[in-house]
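# Topology and contacts: notes
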Amino acid sequence: EELTVIRKFEHIEHCLKRNVQAHTSNGFEDVHFVHMSLPEIDKDEIDLSVEFLGRKFDYPIFIAGMTGGTKGSQLAGKINKTLAQAAQELNIPMGVGSQRAMIRKPETWESYYVRDVAPDVFLVGNLGAPQFAETMPERYGIEEALKAVETIQADALAIHMNPLQESVQPEGDTQYRGVLKALAELKAEFPYPIIAKETGAGVSMEVAIRLESIGIDAIDVGGLGGTSWSGVEYYRAKDEIGKDLALRFWDWGIKTAISVAEVRYATELPIIATGGMRDGITMAKALAMGATFAGVALPLLRPAVKGDVEGVVKILRRYIEEIRNAMFLVGARNVEELRKVPLVITGFTREWLEQRIDLAEFLRARRRK
Ligand code: FNR
C-alpha cells in the first residue's frame, strides 16, 4: 500500500541527484533547418500560439506530467502547484503524474489539485496503461478514469504506456494484455479527450495507427533521448541482477525525432514531442516535423521542488525565445508556416527513417499541407 508513495519519492530523488538521462541523443541533431538570409518577416510579428483539442495556447510547450500522491501540500503537491502557476502565467498546458496513488488513497487528491492556483490551465490527468490490462487484479475502467479527471477538474486524461520501466523494475506491472481493447471501450464512453503517452521509449507508427483507430485524441511520443526510466530504475535496483537488467536497457527505445516522424507520417493525430527536449532550436525542429508541442519534464523538476515559479517560467521563456529566434531565421511567421520550411535529415535518423517510411515523400508532403 505504501509502496506507490515511497516509489514516487525515490524517483524524484534519483531524478534530482543522479544523471538519469539517456546516454544517447533524441535524434534532433540529425534534423537541420536551412538558414534563410532573407526571412522577409519581422521577428516581433512572430506568433507562437497553437491549437490543441479545441483550445488555444500562447506557446507550443507542454509541461509533461511528473508527480502526485502525497498528502496535502507536501512535496508532490508543491511541485504540481509550482508547475501549474508557471503554466497559468504562460497559458500552456500541463499534466500531473500518475494518479494511481490517488485511486488507492483518495486522501492524496490535493497533491494533484492545482485549480486554486491555476484556474484556467489546460490540465491533463494521468493513469497507467497496465492498470487497464485484462490480467490486472482490480483492473481500471471508466470509473477510475472519471475519478482521475473529475477529482482534479482536469480537461483530458493521459494514459501512460511504460512497458520499459515496468519490465526492469522488480515490482513492475508487466501485464499489458488487452490494454488496447480496454482503451477502445473507455474511449467509446469517456467524455474527455484521451492522450496516449510514452515515458521515454517512443511510440512507433504501428502503435500510433492502432491508437488512432480506436479514437485516441493525441499522442505524446515520449521518446528516447531524455529521462531514461531504465536509468532511474538502475539506481533503485537492490541487487546485481536488477542493476544489470536496467543498465542493459538504459538506452532502449525509439528516439524522439524518429518517433515524431513516424507518427506524423502514419497518422493525423496531434503530437506532443517529449523526451530530451532541452533547448528551443530542438523544439522548433520538432514543431517543424509536425508536432503541436514540445514537452518538457526533467529540467523543470529542480525549480519546481523548491516552489520556484519564476525559476520554472525563466527556463520556459528561454525555450520560447529560442524557438522564436529559430522561426525568424527560417522565415516562419507562425507554427503553421514553420511546419512547411525545408528540413534536411542526416545520419542515424535518416538511415532509420529510410527503412521505415518514404522519407522523401514525408519531407515533401509536409511542405504541401
Ligand atoms: C516522469 N514522467 C511521468 N510520466 C507519466 O506519464 N506519469 C508519471 O507519473 C511520470 N512521472 C515522472 C516523474 C519524473 C520525476 C520525471 C522526470 C518524469 C515522464 C515524463 O512525463 C516524460 O515523458 C519523460 O520524463 C521525458 O521527458 P524529459 O524528462 O526527457 O523532458
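Residues numbered from 1 in each chain as written. Predicted model: local features only at pLDDT ≥ 70, side-chain atom pairs only at ≥ 80, totals over all residues. Heavy atoms only, no water.

## Focus: the packing of aromatic side chains
Note the following rule: Working definition: a ring pair exists when centres of Phe, Tyr or Trp rings (six-membered ring for Trp) sit within 6.5 Å. Plane angles under 30 degrees give stacked, over 60 give edge-to-face, the rest tilted. Under the scheme used here, helices are H or I runs from DSSP no shorter than 4 residues and strands are E runs no shorter than 2 residues, and both carry numbers assigned from the N terminus. A positively charged side chain is recorded as over a ring if its NZ (Lys) or CZ (Arg) lies within 6 Å of the ring centre. The angle to the ring normal must also be within 35 degrees.
Tallying each qualifying case throughout the model produces 13 aromatic pairs. Taking 5.9 Å as the distance between ring centres and 80° as the angle between the ring planes, the aromatic pair formed by Tyr235 and Trp250 counts as edge-to-face. Of the two residues, Tyr235 is situated in helix α8 (residues 229-236) and Trp250 in the loop between α9 (240-248) and α10 (256-266); the sequence distance between them amounts to 15 residues. Joined through ring pairs, the aromatic side chains of Phe52, Phe57, Phe62, Phe122 and Phe293 make up one cluster. In this structure, Lys243 packs its charged tip against the face of Tyr234, placed 4.5 Å from the ring centre.

## Some remarks on the site of the ligand
Convention followed: The criterion for a residue being near a molecule or strand is simple. One of its heavy atoms has to lie within 4 Å of it. We define a polar contact as two N or O atoms separated by no more than 3.5 Å, with the added condition that, inside protein, one atom must be a possible hydrogen donor and the other a possible acceptor, whereas residues neighbouring each other in sequence contribute only through side-chain atom pairs. A 1.4 Å probe and the Shrake-Rupley method give the accessible areas. Residues count as covered only by the protein chains that appear here. Any residue outside Ala, Val, Leu, Ile, Met, Phe, Trp, Tyr, Cys, Pro, Asp, Glu, Lys and Arg is labelled polar, Gly included; the first ten of those are nonpolar and the last four are charged.
Surveying the vicinity of the ligand reveals 22 residues, the closest of which are Met66, Ser98, Lys197, Thr227 and Arg278. Residue Gly65 places a main-chain N or O atom 2.9 Å away from an oxygen atom belonging to the ligand. Relative to its unbound accessible surface of 610 Å², the ligand loses 97% to contact with the protein. Sorting the residues of the shell around the ligand by element identifies β8 (194-198) and α12 (298-305) as the ones contributing at least two each. Among the residues making up the shell around the ligand, the classes are represented as eight nonpolar, eleven polar and three charged.

## Concerning the confidence of the model for the protein chain
Any segment with low pLDDT has predicted coordinates that should not be analysed in fine detail. Threshold: How sure the predictor is of each residue is captured by pLDDT, a score from 0 to 100.
Put simply, the protein chain has an average pLDDT of 96, and 98% of its residues get 70 or more. Here the prediction assigns the complex a pTM of 0.97, and the interface score ipTM is 0.99.

## Brief notes about helix α7 (residues 205-213)
Note the threshold: Only protein chains enter the accessibility calculation, which uses a 1.4 Å probe. A residue is then buried if its area is under 20% of the maximum for its type, exposed if over 50%, and partly exposed in between. For this quantity, the arc is that covered by the directions from the helix axis to the C-beta atoms. Any two residues whose heavy atoms approach within 4.5 Å are treated as being in contact.
Along α7, the positions that sit buried rather than exposed are Met205, Ala208 and Leu211. Looking down the long axis of α7, one finds its buried residues gathered within 120° of arc, a one-sided arrangement. Considering only its buried residues, α7 is in contact with β7 (156-161), α6 (179-189), β8, β9 (218-220), α10 and α15 (347-356).

## Let's talk about the packing of α12 against helix α13 (residues 309-329)
Threshold: Helix axes are fitted to C-alpha atoms over the stretch in contact, other axes to C-alpha atoms as well, and angles between N-to-C directions run from 0 to 180 degrees. Angular relationships are summarised with four words: roughly parallel below 35 degrees, roughly antiparallel beyond 145, roughly perpendicular across 65 to 115, and oblique for the angles in between.
Interhelical geometry of α12 versus α13 gives an angle of 155° and a closest axis separation of 8 Å. Classified by the interaxial angle, the pair formed by α12 and α13 is roughly antiparallel. Residue-level inspection shows Pro299, Leu300, Pro303 and Ala304 of α12 in contact with α13, the latter providing Gly311, Val312, Ile315, Leu316 and Tyr319. Counted by class, the contact of α12 with α13 contains eight nonpolar, one polar and no charged residues.

## Side note on the pairing of strand β10 (residues 271-274)
Definition in use: Two strands pair if DSSP finds at least two bridges between them. For a crossover, the right-handed case is the one in which the path from the first strand over the helix to the second runs clockwise, viewed with the strands pointing away from the viewer.
Here β10 shows two buried faces, one formed by Ile271 and Ala273 and the other by Ile272 and Thr274. Looking at chain direction, β10 and strand β11 (residues 293-296) are connected through three bridges and run parallel. Looking at β11, one finds that Thr274 is bridged to Gly295. This β-α-β element, β10 to helix α11 (residues 280-288) to β11, shows right-handed connectivity.

## Thoughts on the pairing of β8
Across the five residues of β8, five count as buried, placing the element largely inside the fold. Covered by surrounding structure in β8 are Ile194, Ala196 and Glu198 together with Ile195 and Lys197, the residues of both alternating faces. Pairing of β7 with β8 involves five bridges; the strand directions are parallel. Bridging from a neighbouring strand, Met161 pairs with Glu198 of β8. Bridging between β8 and β9 involves three bridges; their strand directions are parallel. Directly across from Ala196, in β9, lies its bridge partner Ile219. In this fold, the crossover linking β8 to β9 by way of α7 has right-handed handedness.

## A closer look at the pattern of salt bridges
Cut-off, in case you're wondering: The term salt bridge refers to a pairing of a side-chain nitrogen on Lys or Arg with a carboxyl oxygen on Asp or Glu at a separation within 4 Å.
Applying the stated criterion across every chain yields a total of 21 salt bridges. Where Glu10 meets Arg236, a salt bridge forms, and the shortest distance between an N and an O atom there is 3.0 Å. Taken as a pair, Glu10 in helix α1 (residues 3-17) and Arg236 in helix α8 lie far apart in primary sequence, 226 residues in all. A salt bridge links Arg356 to Glu206; its shortest N-O distance comes to 2.7 Å. With a gap of 150 residues between them, Arg356 in helix α15 and Glu206 in helix α7 connect regions that are remote in the sequence. On the accessibility criterion, Glu206 (34% relative accessible area) is partly exposed.

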